[in-house]
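Structure assessment
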Amino acid sequence: RKRPIEAMRDDRRKSVTSTKLPKCLTTLDLTSLGVGSCGGTGMYVVSGMVAHEIAGPGVVFSFIIAGLVSLLSGMCYAEFGVRVPKTSGSAYTYSYVTIGEFTAFFIGWNLVLEYLIGTASGASAISSMIDSLSNQTIGHWMVLHIGKLPSIGESGHDNPNSYPDFIALFIVLVMTAVIAAGVRNSVIFNNALNVVNILVWLFIIIAGICFADVENWRKYGGFFPHGWSGVLRGAATCFYAYIGFDIIATTGDECKEPHKSIPRAIIYSLAVCMTCYVTVSAILTLVLPYTLIHEESPLLDMFNHVGFWQAKYIISVGAFASLVVSLLGSLFPMPRVLYTMASDGLVFRFLGNVMKYTETPVIATVISGSIAAILALAVSLRDLIEMMSIGTLLAYTLVCLSVLLLRYQPVVLVDSRTNGCAVLPSVDEEHTSKIALLFCIIRLDSSIGKSVGFDPSDVETMESAAEILDSRDNANLISKDNTEKYKSAGHNYGTINDESKSDLDDQQKILAETWRRIQLALYPPLQHIKYTLDGWMIPIRMCLGIPPKSERPTDETGKRAIRRICFLAFYLICFNVFLVFGAKHLIYKAWWAMLLLSFFIIILLVLILLVCQQPQNPTRLAYMAPCLPFLPICAIWFNTYLMLKLSAITWIRFIVWCFVGLFIYFGYGVWNSDLERNDEKFKETTYE
């Protein structure tokens, strides 16, 4: 059973509390949240650990590979941020509207695990940095007077420097109080720390270049001392450093313009984080041989090793700011996912209560923060990082799968009064043109929407436009004046109307005019290239059985696409099992391994072609993931590959956590879900 998209927009949270989350976040705020969440532990901890133990100088490529895989998933997240903009919950919500309730709970539960471990590991990293500044005095005192922690890592050997981390416990509790104080205060605090972090990053790059030695990339086993296998295994761990961008998708209820801000902020934050990670890891391995890099405080130790001990104070300020903001980025979305799940009845509903004074889900914040504090106290940093990536990778995989499934489904219109759905597989072209025209008019000029008596923010997708078009007088909406106004706006390629110009300052006017001239200059050659390529592609598409773009999906083709896509996803998992566990045979080019690899690739191409033979939904959104179906398929392929590269003990912990979640879902969630409570109402209206 699924949640209709429009029902998620319109009726979400009404039954939980009368207090709503405030809409106060801009694109810059969301980008800052994403950068802050990503930019701490990855730059100051993970880079050193992966370089020292797994990849050597190849950590540079580990970060690039992990970043590109994250970017593929980020594009799919961005599309869903446009499809379902006014909701919190991230991948949980996206799975709820496309795959079903059980999968949505499964993803939401693992997102909670991701944020719990991210919070605990961030606090442990801050504590480790403070201990490093004291020359390990704190750690030695803790081990001597309190004792050591047993290891739960893959090796099973106790770490002599691992101790109950009361400093990390205190840090998590303080940050929990900051989050509970209100979203606006949290964002201001986040932005200020990000400014400090960027300045220190610039210092690391400039100062590090002065001590760089290219010989460190040539000696000690070369640039790839552990081969490409080490680079890929390092990428699976480096992926942990990019998990922050999904915080952006949890803020839909608190964003001013979610359909614009969410996709932009996701792409911007990933680009900034990849730049920071690649440059810092390059400097780190250029200044020191990878065998001498300190695992837990690599940058501090790097400057101490070259005699520039004064830099440690600047690095300490930046590391503290970066790790605190990373901790904030992990703790911030966790109560919002719980709030969303509680609002839908899948976890205990009291977690969805919002305090009127702070406008935050305080109960969910305090409970989740307390659990994270206990984890930070009792589990070592190394074990936390190992546990981190698997839940994130699974969430990203299912978001990509959801985008792929939804693109091949017929147009679904929803009656918001009944939470109902109606599939329209064969809408005539004239009606479709009116829907598209209405959508474009409202997005170009919101005053038209206000003039006919509805909120322009409701027209975020063509489904919304279709619903409005069917419920109102068409002549009033698509009037001659409005049509002419739209044509004029389209002819000028986005020229800003007179009313908007009066509100812009001189700099914005110059930028708008410059962009208009660039569009006018580029439009003819780009159109010529497009028409030429289309002419070449038409016979190829006909030979391969790929339908024309004008063909619309039906209920039958939608079900066929679901079967083929799900089988393709299962096949990719099998393919990755072969690539991971047969890697040694592939490296030595065993004849049977190469033959099997050829068969796998041929069958994969056939399955992709079978998916391409289904018509796609022609609905246009403000942002759509490009190169479908290839981009989501690549993301699913890479994500599952990285999951299989994680250690066996990580999988065991993940399975235990999943069993706890299944107990909660089948014991409480399945019986208290909104869809269960309104079963009779949803039987006729929820689409399959």
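Residues numbered from 1 in each chain as written. Predicted model: local features only at pLDDT ≥ 70, side-chain atom pairs only at ≥ 80, totals over all residues. Heavy atoms only, no water.

- Taking an unreviewed UniProt entry as the reference, the protein chain is identified by name as Cationic amino acid transporter C-terminal domain-containing protein belonging to Ciona savignyi.
- Taken from UniProt, the Subcellular location (unreviewed entry) comment for the protein chain reads in full: "Membrane". (UniProt positions renumbered as here; feature names shortened; annotations may be inferred.)

Side note on the overall build of the protein chain
- Across its full length, the protein chain carries 30 helices and 2 strands.
- A burial count over the protein chain gives 56% of its 688 residues as buried.
- A fraction of 82% describes how many contacts in the protein chain between residues 6 or more apart in sequence connect residues 24 or more apart. (Helix = DSSP H or I, 4+ residues; strand = E, 2+ residues; numbered from the N terminus. Buried < 20%, exposed > 50% of the residue type's maximum accessible area, 1.4 Å probe, protein only. Contact = heavy atoms within 4.5 Å.)

Notes on the state of the cysteines
- As enumerated under the stated definition, the model contains 0 disulfides in all.
- This cysteine, C634, is not joined by any disulfide, and C627 carries the nearest cysteine sulfur, 9.1 Å off.
- Here C634 falls in the partly exposed class, since its relative accessible area comes to 29%. (Disulfide = S-S within 2.5 Å.)

Remarks on the packing of helix α12 (residues 298-305) against helix α13 (residues 311-331)
- The contact between α12 and α13 brings their axes to 9 Å, and the two run at 170 degrees. Our classification of the angle between α12 and α13 gives roughly antiparallel. Together, L299, L300, F303 and N304 of α12 and A311, K312, I315 and S316 of α13 make up the contact between the two elements.
- A class-by-class count of the residues in the contact of α12 with α13 yields 5 nonpolar, 2 polar and 1 charged. (Axes fitted to C-alpha atoms, helices over the stretch in contact; angles between N-to-C directions. Parallel < 35°, antiparallel > 145°, perpendicular 65-115°, else oblique. Nonpolar A, V, L, I, M, F, W, Y, C, P; charged D, E, K, R; others polar.)

Thoughts on the packing of helix α24 (residues 555-581) against helix α26 (residues 591-612)
- Relative to each other, α24 and α26 sit at 160 degrees, their axes nearing to 10 Å. In terms of their interaxial angle, α24 and α26 are classed as roughly antiparallel. Note that α24 runs across α26; the crossing there is left-handed.
- Tallied by class, residues from the contact of α24 with α26 come to 22 nonpolar, no polar and 1 charged. (Left-handed = near helix turned anticlockwise from the far one by under 90°.)

Describing the side chain of N639
- If you trace the backbone, N639 turns up in helix α27 (residues 630-644).
- In contact with N639, other than residues within four places in its own chain, are V69, S73, F239, L393, Y396, T397 and C400.

Description of the environment of W309
- Along the chain, W309 turns up in the loop between α12 and α13.
- Leave out the neighbours within four places in its chain, and W309 touches F303 and N304.

Focus: a nonpolar patch on the surface
- Residues V195, I198, L199, L202, I206 and V272 make up a contiguous nonpolar surface patch of about 510 Å² in total accessible area.
- Considering the arrangement of structural elements, one finds L199 in helix α9 (residues 183-210). (Patch = residues over 30% accessible without salt bridge, like charges linked within 9 Å, V, L, I, M, F, W, Y side chains within 5 Å. Areas by Shrake-Rupley, 256 points an atom, 1.4 Å probe, with all protein chains shown as cover. Salt bridge = Lys/Arg side-chain N within 4 Å of Asp/Glu carboxyl O.)

Topic: the pattern of salt bridges
- Under the definition given, this model contains 5 salt bridges.
- Here E556 makes a salt bridge to R560, at a shortest N to O gap of 3.2 Å. Residue E556 and its partner R560 are located together in helix α24, separated by 4 residues, close to a single helical turn.

Some thoughts on helix α15 (residues 362-378)
- The end-to-end C-alpha distance of α15, which contains 17 residues, comes to 24 Å, matching closely the 24 Å that a straight helix rising 1.5 Å per residue would cover.
- Within α15 the residues assigned to the buried category are V362, A364, T365, S368, G369, A372, A373 and A376. Seen end-on, α15 carries its buried residues on one side only, within an arc spanning 155 degrees.
- Those residues of α15 that are buried lie in contact with α6 (101-133), α8 (166-180), α13 and α14 (334-343). (Expected span 1.5 Å × (residues − 1). Arc of directions from axis to C-beta.)

As for the packing of aromatic side chains
- Following the criterion strictly, the structure yields 30 aromatic pairs and no others.
- Lying across the ring of F332, R336 places its NZ or CZ 3.9 Å from the centre. (Phe/Tyr/Trp six-rings, centres within 6.5 Å; stacked < 30°, edge-to-face > 60°. Lys NZ or Arg CZ within 6 Å of the ring centre and 35° of its normal.)

Considering the environment of T98
- Inspection of the secondary structure puts T98 in helix α5 (residues 91-98).
- Classification of T98 as buried rests on a relative accessible area of 11%.
- The spatial distance from the C-alpha of T98 to the C-alpha of K2 is 6.7 Å, given a sequence separation of 96 residues.
- In this structure T98 touches K2, F80, S402 and L406, once residues within four positions along its chain are discounted.

Quick word on the nonpolar core
- The biggest cluster of nonpolar side chains holds 170 residues, and the ones touching the most others in it are Y44, F63 and Y77.
- Broken down by element, the residue count for this core peaks at 15 residues, all from α6. (Core = buried A, V, L, I, M, F, W, Y, C linked by side-chain atoms within 4.5 Å.)

What to know about unusual backbone geometry
- Residue P629 follows L628 across a cis peptide bond; omega there is 5 degrees.
- Structurally, the position occupied by P629 is in the loop between α26 and α27.
- In this model, K589 sits at a positive phi of 55 degrees, which is unusual for a non-glycine residue.
- Looking at the element boundaries, K589 is found in the loop between α25 (583-587) and α26.

Considerations on the confidence of the model for the protein chain
- Looking at the protein chain as a whole, the pLDDT averages 76, with 73% of positions reaching at least 70.
- In this model, residues 10-19 is a region of pLDDT below 50 whose contacts with residues beyond four sequence positions or in other chains number 32 contacts.
- Taken together, the stretch residues 436-452 has pLDDT below 50 and engages in 45 contacts with residues farther than four places along the chain or on a different chain. (pLDDT = per-residue confidence, 0-100.)

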